[in-house]
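Close look at the chain arrangement
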2 protein chains.
Amino acid sequence: MKKNQPDGCRLLTLRQTARFLKKHDCYVILTHASPDGDTLGAAYALYYGLKEIGKIASVICPDVIPKKYDYFVRETDHVLREDATVIAVDVAAPSLLGSLQEEFAGAVKLNIDHHVSNTHYAENLYLDASASATCEVIFELLTQMRVNINDITAKALYTGIATDTGCFKYTNVTAKTHLIAAQLYDYAIDAPEINRLMFDTKSRKLLDLERMVLDTAEYHFAGKCMLLCVTAEMQEKTGCGGSELEGIAVISRSVEGIEVGITIKQTGEREFKVSLRTFPPLNASEIAKKVGGGGHAGAAGATLTGTLEEVKDQILVAVKQTMEETYAGIVTA
Amino acid sequence: MKKNQPDGCRLLTLRQTARFLKKHDCYVILTHASPDGDTLGAAYALYYGLKEIGKIASVICPDVIPKKYDYFVRETDHVLREDATVIAVDVAAPSLLGSLQEEFAGAVKLNIDHHVSNTHYAENLYLDASASATCEVIFELLTQMRVNINDITAKALYTGIATDTGCFKYTNVTAKTHLIAAQLYDYAIDAPEINRLMFDTKSRKLLDLERMVLDTAEYHFAGKCMLLCVTAEMQEKTGCGGSELEGIAVISRSVEGIEVGITIKQTGEREFKVSLRTFPPLNASEIAKKVGGGGHAGAAGATLTGTLEEVKDQILVAVKQTMEETYAGIVTA
């Protein structure tokens with residue numbers, strides 16, 4: 001059931017994907033940049049699976065792999081790139097290949113993914129957008145191929161599923177996700193230790209930053225709105241930045257009674273990235289639109305310029321207006 | 001396969017427990033004091049199950065049920081206590097009945113539990129110590145009884161399993177836990193919303209307290225030890241106390257590179273409760289023993305007297321000694 005797409009990308013079935021993998025002998029497996037548990041788990045699980053059926057393969061990650069994944073990351077084969085069939089896992093768009101984009105973006109023969117936003121850049125694509133994680137897809141693929149799953153393969157797969165679902169917390173979890181987790185428990189995966197490393201371990205500098213950020217907490221509109229700031233000074237002082245700051249926006253909506261969480265992160269001398277998190281009926285994208293940003297109903301953002309106080313005022317006015325529209329009444333600070 | 005225990009408690013099988021529930025018509029279902037998601041989930045799931053087969057039942061909780069459980073808590077039947085057969089769920093010992101102990105401790109006809117520490121106080125006991133939660137046991141019981149499971153029953157059961165396992169994070173999770181979760185996903189349980197309420201929502205006062213506690217963070221022994229303090233003043237200022245403080249000790253061992261986490265909580269003018277969390281090879285109970293306390297390898301505690309500074313010194317000396325014994329070398333502050 002091959003489907004030739006107008007964009008030239010061929011959509012494969014699970015069985016066709018399995019056949020593809022059996023057909024070739026030598027692979028390069030690419031992960032996305034700023035690697036997370038799912039792209040790494042998928043790449044290494046696929047690597048271990050391919051080794052079980054006598055293939056040669058190399059995992060290539062555009063960035064340094066964080067040490068916390070050491071329990072399933074191993075040295076892979078040395079592969080001559082001109083001999084290898086290139087696979088990308090959990091890479092929804094060529095730009096996500098980061099430093100590998102130039103070399104590999106046009107050369108991906110097989111893309112295995114679960115992102116509905118996949119841009120169909122590869123020659124062949126196996127996409128299961130109902131899967132919580134690419135590791136869910138790889139599990140089904142290895143099962144389809146009747147490949148032996150080792151403990152380390154199971155650890156890699158569990159890691160991807162756990163990290164992409166917030167340990168089975170998020171909306172992407174389905175009955176199938178739990179059924180696969182149940183099967184992975186048949187191996188010596190030590191899931192509690194994986195979960196401790198993935199969810200209950202943070203760097204000292206991030207804890208320091210969180211402490212500073214909590215000190216900036218302001219409550220507005222009768223406690224319905226919480227505002228947090230991450231200044232450039234805090235980022236410099238602690239050495240925390242980039243993806244390490246992702247968890248901060250979550251804090252702003254984790255407090256009882258909060259309907260809007262605002263996180264203002266300084267990105268330049270007079271430039272700030274504002275993240276909005278809301279609960280229904282409040283719509284974060286409605287607020288963001290008022291200040292030139294955009295996003296989804298529950299999470300949206302905008303980039304604003306001015307001093308921190310000016311940016312605070314701008315976003316609070318937009319929040320007040322949206323609350324008044326939503327509740328059809330006047331909201332007081 | 002009835003087993004008459006020397007203590008007079010009869011151990012039932014799952015099938016015998018099902019038969020017991022079908023035999024009587026009117027029940028009182030007791031939860032433990034300071035109710036959590038598992039005791040409440042188990043009580044209400046059992047209540048809804050009994051209603052499905054035409055029984056009359058009342059859930060009685062020794063304490064006020066927190067509002068966050070409103071999505072599965074309903075008013076139950078009014079039952080004359082002298083007509084009712086008393087069941088306790090997730091109550092491992094009579095003292096855990098709290099304010100209900102005097103009235104009910106000697107009257108429990110059936111106890112359904114998963115705690116290996118169960119004291120066998122009831123006339124009949126169905127105990128499955130391999131279950132992650134009493135809700136896991138209740139799910140199997142309702143399945144055994146072929147009772148219809150409604151959405152609200154499934155919500156109650158999912159809540160108990162999720163809360164007792166830290167959302168599938170802890171060592172008590174088994175393949176069966178995930179298999180049951182998969183089956184509960186067949187109902188309209190809105191698991192992400194349950195998980196948000198249970199895990200990602202904290203009171204403003206607790207966030208305030210956490211901020212104050214993080215400000216006390218001290219690092220010792222080349223960053224291998226973190227020390228946090230919860231003073232009486234902080235508890236008064238924020239109005240946080242008791243079980244609300246349970247999560248604080250977890251912070252002390254959540255930082256990368258930390259081998260010993262110490263949390264000192266003031267419990268009197270010159271009295272402090274010290275909680276210790278360690279990673280192997282360090283043994284928390286070895287440290288606790290040195291200052292007159294005790295516990296397990298990974299978590300232990302002691303009560304110490306003196307000023308806060310004196311208590312800090314006492315426990316740090318004990319940590320230093322234990323580290324030197326464990327690593328067979330001198331440890332510097």
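In this section: the overall build of chain A. Each helix and strand counted, chain A has 12 helices and 13 strands in total. Against the 2.2 N^0.38 benchmark of 20 Å for 333 residues, chain A shows a C-alpha radius of gyration of 22 Å, consistent with a compact globule. If you line up chain A on its principal axes, its C-alpha atoms span 65 × 45 × 40 Å. The buried share among the 333 residues of chain A stands at 54%. Contacts spanning at least 24 positions in sequence make up 63% of the contacts within chain A whose residues lie at least 6 apart.

By the secondary structure assignment, threonine 201 of chain B is in the loop between α7 (191-199) and α8 (204-215). Each C-alpha atom of the pair threonine 201 of chain B and threonine 238 of chain B lies 17 Å from the other, and the pair is 37 residues apart in sequence. For threonine 201 of chain B, the residues in contact, after removing those within four places along its chain, are Ser254 and Glu256 of chain A together with Arg196 of chain B. Among the polar contacts made by the side chain of threonine 201 of chain B, one reaches the main-chain carbonyl oxygen of arginine 196 of chain B at a distance of 2.8 Å.

Residue and element names in this part refer to chain B. Relative to the helices and strands, aspartate 38 resides in helix α2 (residues 37-52). Buried and unpaired, aspartate 38 has no salt bridge, with lysine 176 as the nearest side chain of opposite charge at 13 Å. Within the local environment of aspartate 38, its side chain forms a polar contact with the backbone nitrogen of threonine 134, the two atoms lying 2.7 Å apart. Residue contacts for aspartate 38: discarding those within four places in its chain leaves Asp90, His114, Ala133, Thr134, Cys135, Gly160, Thr163 and Asp164.

Turning our attention to the interface of chain B and chain A. Taken together, the contact between chain B and chain A spans 37 residues of the former and 37 residues of the latter. Taking both sides of the interface into account, the surface hidden between chain B and chain A amounts to around 3,400 Å²; carbon and sulfur atoms contribute 64%. Considering only the surface of chain B that becomes buried against chain A, Lys169, His178 and Arg204 of chain B emerge as the three largest contributors, covering 18% of it. Where chain B packs against chain A, one counts four salt bridges. A salt bridge links aspartate 215 of chain A to arginine 211 of chain B; the shortest N-O distance between them is 3.3 Å. Our count for the contact surface shared by chain B and chain A stands at 10 residue pairs in polar contact (both at pLDDT 80 or more). Here the side of chain B that touches chain A gets six residues from one element, more than from any other, and that element is α8 of chain B. Among the residues making up the side of chain B that touches chain A, the classes are represented as 19 nonpolar, eight polar and 10 charged.

Here the focus is the domain arrangement of chain A. Looking at the assigned domains, one finds that chain A contains domain 1 (10-199) and domain 2 (204-327). The C-alpha-based centres of domain 1 of chain A and domain 2 of chain A are spaced at 33 Å.

Residue and element names in this part refer to chain B. One can describe the packing of helix α5 (residues 151-164) onto helix α6 (residues 175-184) by two numbers: an axis separation of 10 Å at closest approach and a directional angle of 150°. Between α5 and α6, the angle falls in the class roughly antiparallel. Relative to α6, α5 is oriented so that their crossing is left-handed. Contact residues: α5 offers Ala154, Leu157, Tyr158 and Ile161, while α6 offers Thr177, Ile180 and Leu184. When its residues are assigned to classes, the contact of α5 with α6 shows six nonpolar, one polar and no charged.

The subject of this paragraph is α2 of chain B. Side chains three or four residues apart in an α-helix point the same way, a direct result of the helix having 3.6 residues per turn. Residues and elements named next belong to chain B. Between its first and last C-alpha atoms α2 spans 22 Å; for 16 residues at 1.5 Å apiece the expected length is 22 Å, and the two agree. Here α2 lies mainly inside the structure; 14 of its 16 residues are buried. Once α2 ends, the next one or two residues include glycine 54, with phi positive near 80°.

Let's shift gears to the relation of the copies chain B and chain A. Rotating chain B by 180° and translating it 0.0 Å along the rotation axis places it on chain A, where the RMSD comes to 0.2 Å. Overall, the copies show the geometry of a two-fold rotation axis. For chain B, the smallest separation between a C-alpha atom and the rotation axis is recorded for histidine 178 of chain B, amounting to 2.6 Å.

This part is about the packing of helix α6 (residues 175-184) of chain A against α6 of chain B. Geometry of a packed helix pair, given as the angle between the helix axes and the separation of the axes. Viewed as axis vectors pointing N to C, α6 of chain A and α6 of chain B meet at an angle of 165°, and their least axial separation amounts to 8 Å. Judged on the interaxial angle alone, α6 of chain B and α6 of chain A are roughly antiparallel. The chirality of how α6 of chain A crosses α6 of chain B is left-handed. Listed contacts from α6 of chain B to Ala175, His178, Leu179, Ala181 and Ala182 of chain A of α6 of chain A are Ala175, His178, Leu179, Ala181 and Ala182 of chain B. Its residues assigned to classes, the contact of α6 of chain A with α6 of chain B shows eight nonpolar, two polar and no charged.

A word on the sheet that holds strand β13 (residues 299-305) of chain B. Sheet architecture is open: six strands sit in the order β8-β9-β10-β11-β13-β12 (chain B), paired in mixed fashion. At either end of the open sheet lies a strand with only one pairing partner, and these are β8 (218-220) and β12 (294-295) of chain B.

What follows concerns the pattern of salt bridges. Residue and element names in this part refer to chain A. Scanning all chains against the criterion turns up 32 salt bridges over all chains. Between lysine 55 and aspartate 25 there is a salt bridge, and its shortest N-O distance comes to 3.3 Å. Residue lysine 55 is located in the loop between α2 (37-52) and β4 (56-60), and its partner aspartate 25 is located in the loop between α1 (14-23) and β3 (26-30); the two are separated by 30 residues in the primary sequence. On the basis of relative accessible area, lysine 55 is assigned to the buried category, the value being 8%.

Before going further, it helps to spend a moment on the state of the cysteines. Residues and elements named next belong to chain B. The tally for this structure, following the rule as stated, stands at zero disulfides over all chains. Between cysteine 135, a free cysteine, and cysteine 61, which holds the nearest cysteine sulfur, the sulfur-to-sulfur gap is 14 Å. For cysteine 135, a relative accessible area of 0% corresponds to the buried category.

All right, on to the side chain of aspartate 90 of chain A then. Residue and element names in this part refer to chain A. Among the secondary structure elements, aspartate 90 is positioned in the loop between β5 (85-89) and α3 (101-104). There is no salt bridge for the buried aspartate 90, and the closest opposite charge comes from lysine 68, which lies 14 Å off by N-O distance. Within the local environment of aspartate 90, its side chain forms a polar contact with the side chain of histidine 114, the two groups lying 3.4 Å apart. A distance of 2.8 Å separates polar atoms of two side chains, one belonging to aspartate 90 and the other to threonine 134. With residues near it in sequence (within four places) discarded, aspartate 90 still touches His32, Asp36, Asp38, Thr39, Ile112, Asp113, His114, His115 and Thr134.

Okay, the nonpolar core next. Leu21, Ile112 and Tyr158 of chain A together with Leu21 and Tyr158 of chain B are the most contacted members of the largest nonpolar core, which totals 114 residues. In this structure leucine 21 of chain B touches Tyr27, Leu46, Leu50, Lys55, Ile87, Leu110, Leu141 and Met145 of chain B, once residues within four positions along its chain are discounted. Of all hydrophobic cores here, the second largest spans 34 residues; its members include Met226, Leu228 and Val230 of chain A together with Val255 of chain B.

What counts, and where the lines are drawn
Residues numbered from 1 in each chain as written. Chains lettered and ligands numbered in written order. Predicted model: local features only at pLDDT ≥ 70, side-chain atom pairs only at ≥ 80, totals over all residues. Heavy atoms only, no water. Helix = DSSP H or I, 4+ residues; strand = E, 2+ residues; numbered from the N terminus. Rg over C-alpha atoms; globule rule 2.2 N^0.38 Å. Buried < 20%, exposed > 50% of the residue type's maximum accessible area, 1.4 Å probe, protein only. Contact = heavy atoms within 4.5 Å. Polar contact = N/O pair within 3.5 Å; in protein donor to acceptor, adjacent residues only side chain to side chain. Lys, Arg positive; Asp, Glu negative; His and termini not counted. Salt bridge = Lys/Arg side-chain N within 4 Å of Asp/Glu carboxyl O. Buried area = accessible area lost by both parts, 1.4 Å probe. Nonpolar A, V, L, I, M, F, W, Y, C, P; charged D, E, K, R; others polar. Domains from an automatic or database assignment. Axes fitted to C-alpha atoms, helices over the stretch in contact; angles between N-to-C directions. Parallel < 35°, antiparallel > 145°, perpendicular 65-115°, else oblique. Left-handed = near helix turned anticlockwise from the far one by under 90°. Expected span 1.5 Å × (residues − 1). Least-squares fit on C-alpha atoms with pLDDT ≥ 70 in both. Pairing = 2+ DSSP bridges. Disulfide = S-S within 2.5 Å. Core = buried A, V, L, I, M, F, W, Y, C linked by side-chain atoms within 4.5 Å.

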